[in-house]
Amino acid sequence: MTRKPKSGGGASRTRCRCGRPVYRQIVGALTVTADVDGSALAEALQHTGPNRLAWCLYQRSEWTPQTLREAHRSSHPADCPHPHVVDHECAAPPTAARPAGGRTRKNSPAVHPGQQQLAI
């Protein structure tokens, strides 16, 4: 008997606003968006910064989904065989801000000439 496949559970491959392919996954309390370009751990750690983390693209077997795991210098093995990716830095222009007033009140429709309009 076969098991039902897991719904989600791994990193989904999508496109960012800038058009580049990225991996997206919720890891703990973070929503991670990482570049698809895999590299060795040492190279990925060179591209990290205060707000840019390195991630291990872990896959237990060829039948399981790829998942993102944090690749920290102190806890991740240096000889890890999996590809490593870094957080994506989007080059797309920021989205337009909403108008300052928020929602606007719609004007009430015109009243039929034979009806009285109620005061609101």
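Visitor: Got a minute to help me understand the side chain of Q25 in this structure?
Guide: Along the chain, Q25 falls in strand β2 (residues 21-27). Dropping the residues within four chain positions of it, Q25 is found in contact with G10, A11, L30, T31, V32, Q66, T67 and L68.

Visitor: I would appreciate a short explanation of the sheet that holds strand β4 (residues 54-58) in the present structure.
Guide: Within a beta sheet, neighbouring strands are joined by backbone hydrogen bonds and run either parallel or antiparallel to one another. Taken together, three strands build an open sheet; the order of strands is β5-β4-β6 and the sheet is antiparallel. In this open sheet, the two edge strands, each paired with only one partner strand, are β5 (67-70) and β6 (84-86). The sheet shows a mean angle of 40 degrees between the axes of neighbouring strands, taken without regard to direction. Direction of pairing for β4 relative to β6: antiparallel, over a ladder of three bridges. Bridged to A54 within β6 is V86.

Visitor: Honestly, the environment of Q46 in this entry has me stumped. Any pointers?
Guide: Locating Q46 in the fold gives a position in helix α1 (residues 41-46). We classify Q46 as exposed; its relative accessible area is 65%. Each C-alpha atom of the pair Q46 and V86 lies 9.7 Å from the other, and the pair is 40 residues apart in sequence.

Reading the values: rules and limits
Residues numbered from 1 in each chain as written. Predicted model: local features only at pLDDT ≥ 70, side-chain atom pairs only at ≥ 80, totals over all residues. Heavy atoms only, no water. Helix = DSSP H or I, 4+ residues; strand = E, 2+ residues; numbered from the N terminus. Contact = heavy atoms within 4.5 Å. Pairing = 2+ DSSP bridges. Axes fitted to C-alpha atoms, helices over the stretch in contact; angles between N-to-C directions. Buried < 20%, exposed > 50% of the residue type's maximum accessible area, 1.4 Å probe, protein only.

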